[in-house]
Amino acid sequence: MKELVVRGLSGLIYVALVILAMFASREWFIALFFILGIITMFEFLKLVHLKSYLAYFLFAAAFYFLSYTVFDHRAIYLLLILAVFVNLFLLKDILWVNKIPMFEKKKYITVIFYLMSGFIFLTLIPVSLSGYEPFVILGVFILIWANDSFAYLVGKNFGRTKLMERISPKKTVEGFLGGIAGALIAAFFIHKFTEIYELWIWLVIALIASVFGTVGDLVQSKFKRQAGVKDSGTIMPGHGGIYDRLDSIIYASPFIYSFLEIATNVS
């Protein structure tokens, strides 16, 4: 019971901080996720056994020039192409190989185009329109949370068919489909109460968040399995590390940003 209370409180504090930062201002939002990004970087580097101060410098520089100031949109699009490619490479590794090579001696590729890029595009999502719109990024987080919650509830009560047992024994196909259904329901209500995007756009975002968010969770699970650890960190009692909380959206954010760029420009 005590563990459940601790888990609930730490989760509530995390959600409250994220939402408060989103609506305080774009600067507060970026500042919070810069801090969360640094913590995630620390946890990730431990998982892949990489000791590097350069990674933190690169993260700070990329965050300032590509997220806060956006000095050149062509650089953003180049980073986006590379990030999508690397993420698809990681997807290939969880599907067809027993061990993610982490690009062997090219761990910086994973750090830059998977982890750093995930945070950069996460912070660019709410500026896909003409200005900073906190309801957009809040909606994306709600879709991720809805997917996770429904996947857990459906999987726990009705799950029979394992999704990828060798990576994550508790995940089931039924839970995966339940998560998608939950995200689609959430997308309907987000559209109803915000009307920022048309309904079809929110529904597609829900599908991307569910599918690629699940892939992101599996990628992180495989990293942890290879490292021989249960959680990426201990900063959130009952939840593990910040990387454990953000693995889904880190992986999904380049795909969500890509879709929003296409949808808004075409529209």
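What you see is a predicted model, and the numbers here were worked out from it, not measured in a lab.

A.B. asks: Would you mind showing me how to read unusual backbone geometry here?
C.D. replies: Backbone geometry follows two general trends: most residues other than glycine have a negative phi, and most peptide bonds adopt the trans configuration. In this structure, His49 is a non-glycine residue whose phi angle is positive, near 55 degrees. Tracing the sequence through the fold places His49 in the loop between α2 (26-47) and α3 (54-68). Of the residues examined, His49 reaches a relative accessible area of 61% and is grouped as exposed. Positive phi values are uncommon outside glycine, yet Val70 reaches one of about 50 degrees.

A.B. asks: Even after reading the chapter, I still don't get the layout of surface pockets, so can you show me in this structure?
C.D. replies: Empty pockets left among the atoms are what a rolling probe the size of a water molecule brings to light. Approximately 1,700 Å³ is the volume attributed to the largest pocket. Secondary-structure elements contributing two or more residues to the lining of the largest pocket are α1 (2-24), α6 (134-158), β2 (168-172), α7 (173-194), α8 (199-227) and α9 (242-266). The element contributing the most residues to the lining of the largest pocket is α6, with ten residues. When its residues are assigned to classes, the lining of the largest pocket shows 13 nonpolar, 15 polar and 14 charged. Computed from the structure, the second largest pocket encloses a volume of approximately 220 Å³. Around the second largest pocket, the lining is made up of 13 residues, and of these Ile13, Tyr14, Leu17, Met236 and Ile242 lie nearest the centre. The set of elements that each furnish at least two residues to the lining of the second largest pocket consists of α1 and α2. With five residues, α1 is the single largest residue contributor to the lining of the second largest pocket.

A.B. asks: Would you mind showing me how to read α9 here?
C.D. replies: In this model α9 runs 35 Å from its N-terminal to its C-terminal C-alpha over 25 residues, within 8% of the 36 Å that 1.5 Å per residue would give. A maximum bend of about 40 degrees is found in α9 at Ala252, where proline Pro254 lies one to four positions downstream. Taken across its 25 residues, α9 has 20 buried, putting it largely inside the fold.

A.B. asks: Before we go on, may I ask you to explain the environment of Ala31 in this structure?
C.D. replies: Tracing the chain through its elements places Ala31 in helix α2. Accessibility expressed as a relative area gives 35% for Ala31, which makes it partly exposed.

A.B. asks: For this particular structure, what's the right way to read the nonpolar core?
C.D. replies: Grouped burial of nonpolar side chains is what soluble globular proteins tend to show. Phe33, Tyr114 and Leu246 are the most contacted members of the largest nonpolar core, which has 80 residues in total. Of the residues forming this core, the biggest block, 13 residues, is contributed by α9. Dropping the residues within four chain positions of it, Phe33 is found in contact with Val18, Phe63, Phe119, Leu122, Thr123, Phe141 and Leu246.

A.B. asks: Sorry, what's going on with the pattern of salt bridges here?
C.D. replies: Pairs can form between side chains of opposite charge once their charged atoms are near each other. Applying the stated criterion across every chain, the model contains four salt bridges. For Asp217, the salt bridge is made with Lys171, and the minimal N-O distance between the two is 2.1 Å. Of the two residues, Asp217 is situated in helix α8 and Lys171 in strand β2; the sequence distance between them amounts to 46 residues. In this structure, the salt-bridge partner of Asp244 is Lys224, at a minimum N-O distance of 3.0 Å.

A.B. asks: It is not clear to me how the confidence of the model for the chain should be interpreted in this structure. Could you clarify?
C.D. replies: The predicted structure's coordinates, where accompanied by low pLDDT, should not be read in detail. Here the chain averages 89 in pLDDT, and 93% of its residues register 70 or above. Within the chain, no element has a lower average pLDDT than α1, which sits at 84, and none a higher one than α7, at 95.

A.B. asks: Would you explain a nonpolar patch on the surface in this entry?
C.D. replies: Residues Phe150, Ile185, Phe188, Phe189 and Phe193 make up a contiguous nonpolar surface patch of roughly 530 Å² in combined accessible area. Among the structural elements, Ile185 can be located in helix α7. Using a relative accessible area of 44% as the deciding quantity, one classes Ile185 as partly exposed.

A.B. asks: Mind showing me how you'd approach the packing of aromatic side chains here?
C.D. replies: For any two aromatic rings, the description comes down to two numbers: the centre-to-centre distance and the angle of the planes. Counted according to the given criterion, the structure contains 25 aromatic pairs. The interplanar angle of 75 degrees and the centroid separation of 5.0 Å between the aromatic rings of Phe23 and Phe135 together place this pair among those described as edge-to-face. Separated by 112 residues along the polypeptide, Phe23 in helix α1 and Phe135 in helix α6 bring together distant segments of the chain. Given a relative accessible area of 36%, Phe23 falls into the partly exposed group. Overall, the relative accessible area of 39% leaves Phe135 in the partly exposed class. Consider the rings of Phe44 and Tyr243, whose centres lie 5.8 Å apart with planes at 85 degrees: the pair is edge-to-face. Separated by 199 residues along the polypeptide, Phe44 in helix α2 and Tyr243 in helix α9 bring together distant segments of the chain. A residue is classified by how much of its surface remains accessible, and Tyr243, at 0% relative accessible area, is buried. Of the aromatic side chains, those joined through ring pairs into one cluster are Phe44, Tyr114, Phe212, Phe223, Tyr243, Tyr251 and Phe255.

Here is what the cut-offs are and how they apply
- Residues numbered from 1 in each chain as written.
- Predicted model: local features only at pLDDT ≥ 70, side-chain atom pairs only at ≥ 80, totals over all residues.
- Heavy atoms only, no water.
- Helix = DSSP H or I, 4+ residues; strand = E, 2+ residues; numbered from the N terminus.
- Buried < 20%, exposed > 50% of the residue type's maximum accessible area, 1.4 Å probe, protein only.
- 1 Å grid on protein atoms, 1.4 Å probe; cavity = no way out; pocket = protein on both sides within 12 Å on 5 of 7 lines; lining within 4 Å.
- Points joined across faces, edges and corners; volume = space filled by probe spheres on them.
- Nonpolar A, V, L, I, M, F, W, Y, C, P; charged D, E, K, R; others polar.
- Expected span 1.5 Å × (residues − 1).
- Bend = angle between axes of the 7 residues up to and from the residue.
- Core = buried A, V, L, I, M, F, W, Y, C linked by side-chain atoms within 4.5 Å.
- Contact = heavy atoms within 4.5 Å.
- Salt bridge = Lys/Arg side-chain N within 4 Å of Asp/Glu carboxyl O.
- pLDDT = per-residue confidence, 0-100.
- Patch = residues over 30% accessible without salt bridge, like charges linked within 9 Å, V, L, I, M, F, W, Y side chains within 5 Å.
- Areas by Shrake-Rupley, 256 points an atom, 1.4 Å probe, with all protein chains shown as cover.
- Phe/Tyr/Trp six-rings, centres within 6.5 Å; stacked < 30°, edge-to-face > 60°.

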